[in-house]
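One-letter residues, chain by chain:
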Amino acid sequence: MELNSLKYNYKSRGHKTKTYGRGKGSGIGGTSTRGNNGQHQRKSGGVRLGFEGGQTPIYRRLPKIGFKNINSNDYYVLTLKDLVKLPNIADKVDLEVLKEYRVVQKNVKAFKVIGNDKVEQKFHLICNYISKQAKIAIENAGGKVTILPAVVNKTAKLKATKKEVADK
């Protein structure tokens, strides 16, 4: 006996024939492959890009970023009560003094004073915005109010320039 003369018996190599007609995935026609039934089998099936199987997708779970309201105030609002509570109130009250006493945060660039409380101390207030009643209350106590130029945010300035161009 030699190696080139060896033959194998029929069906001895383990090749299994298809079984037909024994349920899903048994090898019959269009539903023969498992895992492609249902949505993926249909002609208009499939899902859109970013579909996560019905759970809330990540672009809806995360907060929106990048929105800046052009009508928002870019200043910190103080009341007269806040100013009167300052210990050893200085002759001059401005943004640096308020930051030193930690009444406003370091990143604040402008502030507005409101309120109609009675002021007994005399001081010089330097602010960006002030209400009429607060100004009257400080001046009645013998104080002085200086109003600095308004701080305008970039988007509002851009909107104003576009409006001026449109008017011309």
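Residues numbered from 1 in each chain as written. Predicted model: local features only at pLDDT ≥ 70, side-chain atom pairs only at ≥ 80, totals over all residues. Heavy atoms only, no water.

Q: I'd like a rundown of the sheet that holds strand S2 (residues 92-93), residues and numbers included.
A: Read across the sheet, three strands follow the order S2-S4-S6 without closing on themselves; strand pairing throughout is parallel. Strands with a single pairing partner mark the edges of an open sheet, and in this sheet they are S2 and strand S6 (144-147). Where S2 lies against strand S4 (residues 124-127), two bridges are found, and the strand directions are parallel. Along S4, the bridge assignment pairs Val-93 with Leu-125. (Pairing = 2+ DSSP bridges. Helix = DSSP H or I, 4+ residues; strand = E, 2+ residues; numbered from the N terminus.)

Q: Can you tell me about the nonpolar core, naming the residues and giving the values?
A: Ranked by size, the top nonpolar core spans 21 residues in total, and within it Leu-80, Leu-83, Leu-98, Phe-111, Val-113, Leu-125 and Ile-130 carry the most contacts. When contributions to this core are tallied by element, the ones reaching two or more residues are helix H2 (80-84), helix H3 (95-100), strand S3 (111-114), S4 and helix H4 (132-140). When residues in this core are grouped by element, the largest group, three residues, is from H4. (Core = buried A, V, L, I, M, F, W, Y, C linked by side-chain atoms within 4.5 Å. Buried < 20%, exposed > 50% of the residue type's maximum accessible area, 1.4 Å probe, protein only.)

Q: Pulling in residues and values, what's your account of the sheet that holds strand S1 (residues 76-79)?
A: Across the sheet, which stays open at both edges, the three strands sit in the order S1-S3-S5 with parallel pairing between neighbours. Each edge of the open sheet carries a strand with a single partner, namely S1 and strand S5 (129-130). Note that S3 and S5 share two bridges and pair parallel. Its bridge partner being in S5, Val-113 is matched across the sheet by Ile-130.

Q: Summarise the pattern of salt bridges; cite the residues concerned and give the values.
A: Following the criterion strictly, the structure yields two salt bridges and no others. With its nearest N and O atoms 3.0 Å apart, the salt bridge here joins Glu-52 to Arg-61. A relative accessible area of 45% places Arg-61 in the partly exposed class. Of the charged contacts, one joins Lys-92 and Asp-94 as a salt bridge, the two residues approaching to 3.9 Å between their closest N and O atoms. Classification of Lys-92 by relative accessible area gives partly exposed; the value is 42%. (Salt bridge = Lys/Arg side-chain N within 4 Å of Asp/Glu carboxyl O.)

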